[in-house]
Amino acid sequence: MTTPASSKLVLLGPPGAGKGTQAELLSARLGTPHISTGDMLRSEISQGTALGVRAKGFMDKGELVPDDLMLGIVRQRLARMDCNEGFVLDGFPRSVPQAVSLDDICGGASPGKLRALSLDVPTDELVRRLTERRTCRKCGAMYHLTFEPPKRPGICDKCGGDLYQRDDDREEIIAARLEVYRKETAPLLTFYRERSALVEVQGTGATEQVFRRVVASLGVPA
Ligand code: AP5
Ligand code: MG
Ligand code: ZN
């Protein structure tokens, strides 16, 4: 396992673009942690913490959780030792102010250039991926009823846990999330492009095919 000089990666892309799927594969390949702010928030919700209770109201509507809640948990997570060699950040930053904060967080303890990988997938495909996504309640593994079905319906292949549908994967909430992406997150493409830090990859095709494109575009050793 080789860690290239700059392994600070952020994954950009609309809901359902495959950020979680590709981040998991990249993290295994690079040996750096996969940090998903969505997963962190869902874990706070399932533990019933004060942060989880506040975040749930925004997430259920498909809105962004306010920065005063987000920045603290991201700062804390990135300060952990396992991020010293880099990280694969999935779901953060999601707005230009968050990207500026991330620069600030990374500039302190571990300076080094950050790269942004954007996955491009057409909207009709995003909706198809999200409405049929199922997630394991126990280990977080992800399935798709058509593209990556579990061997036994409703049961995780990896750990035997129950598979569930995320509350925000209903069609009307998906539409709200796509709109938030367009307004708040898509400007990040220009933000990173202007710094020559943007790598754009087509996110359509089978998961393994997308991953081959991702590693080739990032120059990650095979
Ligand atoms: P988050 O959990 O980050 O959700 P999201 O950005 O909407 O993205 P998704 O997780 O839905 O999609 P993905 O791109 O990871 O795709 P996946 O790999 O799962 O955020 C949820 C909420 O939390 C936000 O709405 C917000 O409220 C809050 N939040 C989080 N971060 C925040 C922040 N920084 N600031 C403020 N609020 C924040 O793939 C989708 C499906 O497609 C799966 O079923 C998968 O199996 C399938 N699939 C993947 N790749 C392929 C392929 N190549 N071919 C076929 N199927 C595929
Ligand atoms: Mg995800
Ligand atoms: Zn599982």
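Residues numbered from 1 in each chain as written. Chains lettered and ligands numbered in written order. Predicted model: local features only at pLDDT ≥ 70, side-chain atom pairs only at ≥ 80, totals over all residues. Heavy atoms only, no water.

Colleague: How do you make sense of the coordination of the zinc ion (ligand 3) when you look at a structure like this?
Modeller: Tetrahedral coordination by four donors sets the ideal angle at the metal to 109.5 degrees; octahedral coordination by six donors sets it to 90 or 180 degrees. Each protein donor to the zinc ion (ligand 3) is listed here as Cys136 (SG), Cys139 (SG), Cys156 (SG) and Cys159 (SG); together their distances run 2.3 to 2.4 Å. Considering all four donor atoms around the zinc ion (ligand 3), the spread of angles at the metal, 96 to 115°, places the coordination shape in the tetrahedral class. Sequence positions of the donors to the zinc ion (ligand 3) reduce to the motif C-x2-C-x16-C-x2-C. Of the two residues, cysteine 136 sits in strand 5 (residues 133-136) while cysteine 156 sits in the loop between strand 6 (142-144) and strand 7 (163-164), which places them 20 residues apart along the sequence. Residue cysteine 136 is classed as buried on the basis of its relative accessible area of 3%. The exposure class of cysteine 156 is buried, given its relative accessible area of 1%. (Donors = N, O, S within 2.8 Å, 3.2 Å for Na, K, Ca; no water. Tetrahedral: all angles 85-135°; square planar, octahedral: opposite > 155°, others 65-115°. Helix = DSSP H or I, 4+ residues; strand = E, 2+ residues; numbered from the N terminus. Buried < 20%, exposed > 50% of the residue type's maximum accessible area, 1.4 Å probe, protein only.)

Colleague: What is the right way to look at unusual backbone geometry in this model?
Modeller: If a residue is not glycine, its phi is most likely negative; likewise, a peptide bond is most likely trans. Following phenylalanine 92, the chain continues to proline 93 via a peptide bond in cis, the omega torsion being 0°. Positive phi values are uncommon outside glycine, yet serine 196 reaches one of about 55°. Positionally, serine 196 belongs in the loop between helix 8 (187-193) and strand 8 (198-202). On the accessibility criterion, serine 196 (63% relative accessible area) is exposed.

Colleague: Before we go on, may I ask you to explain the sheet that holds strand 5 in this structure?
Modeller: Read across the sheet, three strands follow the order 6-5-7 without closing on themselves; strand pairing throughout is antiparallel. Every other strand in the sheet has two partners, leaving strand 6 and strand 7 as the edge strands with one partner each. Examined bridge by bridge, strand 5 and strand 7 share two bridges and lie antiparallel to one another. Residue pairing for strand 7: cysteine 136 is matched across the bridge by leucine 163. Together, strand 5 and strand 6 form the strand contacts of helix 6 (residues 123-131), whose direction differs from that of strand 5 by roughly 40°. (Pairing = 2+ DSSP bridges. Contact = heavy atoms within 4.5 Å. Axes fitted to C-alpha atoms, helices over the stretch in contact; angles between N-to-C directions.)

Colleague: Please clarify how the site of ligand 1 should be interpreted in this entry.
Modeller: In the vicinity of ligand 1, 35 residues are found, and the nearest of them are Thr21, Glu63, Arg94, Arg133 and Arg177. Note that a nitrogen atom of ligand 1 is positioned 2.9 Å from one of the side-chain N or O atoms of glutamine 98. In this structure, arginine 177 approaches ligand 1 through a side-chain N or O atom, which is 2.6 Å from an oxygen atom. If ligand 1 stood free it would expose 1000 Å²; the protein chains cover 97% of that surface. Contributions of two or more residues to the shell around ligand 1 are made by helix 1 (19-30), helix 2 (37-47), helix 6, strand 6 and helix 9 (207-218). Considering each element in turn, the shell around ligand 1 owes the most residues, four residues, to helix 2. (Near = heavy atom within 4 Å. Polar contact = N/O pair within 3.5 Å; in protein donor to acceptor, adjacent residues only side chain to side chain. Areas by Shrake-Rupley, 256 points an atom, 1.4 Å probe, with all protein chains shown as cover.)

Colleague: Would you mind going over the packing of aromatic side chains with me for this structure?
Modeller: In total, this model carries one aromatic pair according to the counting rule given. Residues phenylalanine 191 and tyrosine 192 carry aromatic rings whose centres are separated by 5.0 Å and whose planes lie at 85° to one another, so their mutual orientation is edge-to-face. With respect to class, phenylalanine 191 is no different from tyrosine 192; both count as buried. Between the NZ or CZ atom of arginine 137 and the centre of the ring of tyrosine 164, over which it lies, the distance is 4.5 Å. (Phe/Tyr/Trp six-rings, centres within 6.5 Å; stacked < 30°, edge-to-face > 60°. Lys NZ or Arg CZ within 6 Å of the ring centre and 35° of its normal.)

Colleague: What is the right way to read the environment of leucine 189 from this model?
Modeller: Residue placement: leucine 189 occurs in helix 8. With a relative accessible area of 18%, leucine 189 lands in the buried category. Between the C-alpha atom of leucine 189 and that of leucine 64, which follows or precedes it by 125 residues, the distance is 18 Å. Leaving out residues up to four positions away in the same chain, leucine 189 has contacts with Leu12, Ser118, Tyr181 and Leu198.

Colleague: Can you help me understand the packing of helix 2 against helix 4 (residues 67-78) in this one?
Modeller: Helix-helix packing is described using two parameters, namely the angle between the two axes and the distance between the axes. The contact between helix 2 and helix 4 brings their axes to 11 Å, and the two run at 110°. Classified by the angle their axes make, helix 2 and helix 4 are roughly perpendicular. In contact with Thr37, Met40 and Leu41 of helix 2, helix 4 contributes Met70, Ile73, Val74 and Arg77. A breakdown of the residues in the contact of helix 2 with helix 4 according to their chemical character gives five nonpolar, one polar and one charged. (Parallel < 35°, antiparallel > 145°, perpendicular 65-115°, else oblique. Nonpolar A, V, L, I, M, F, W, Y, C, P; charged D, E, K, R; others polar.)

The analysis is restricted to geometry; functional conclusions fall outside its scope.
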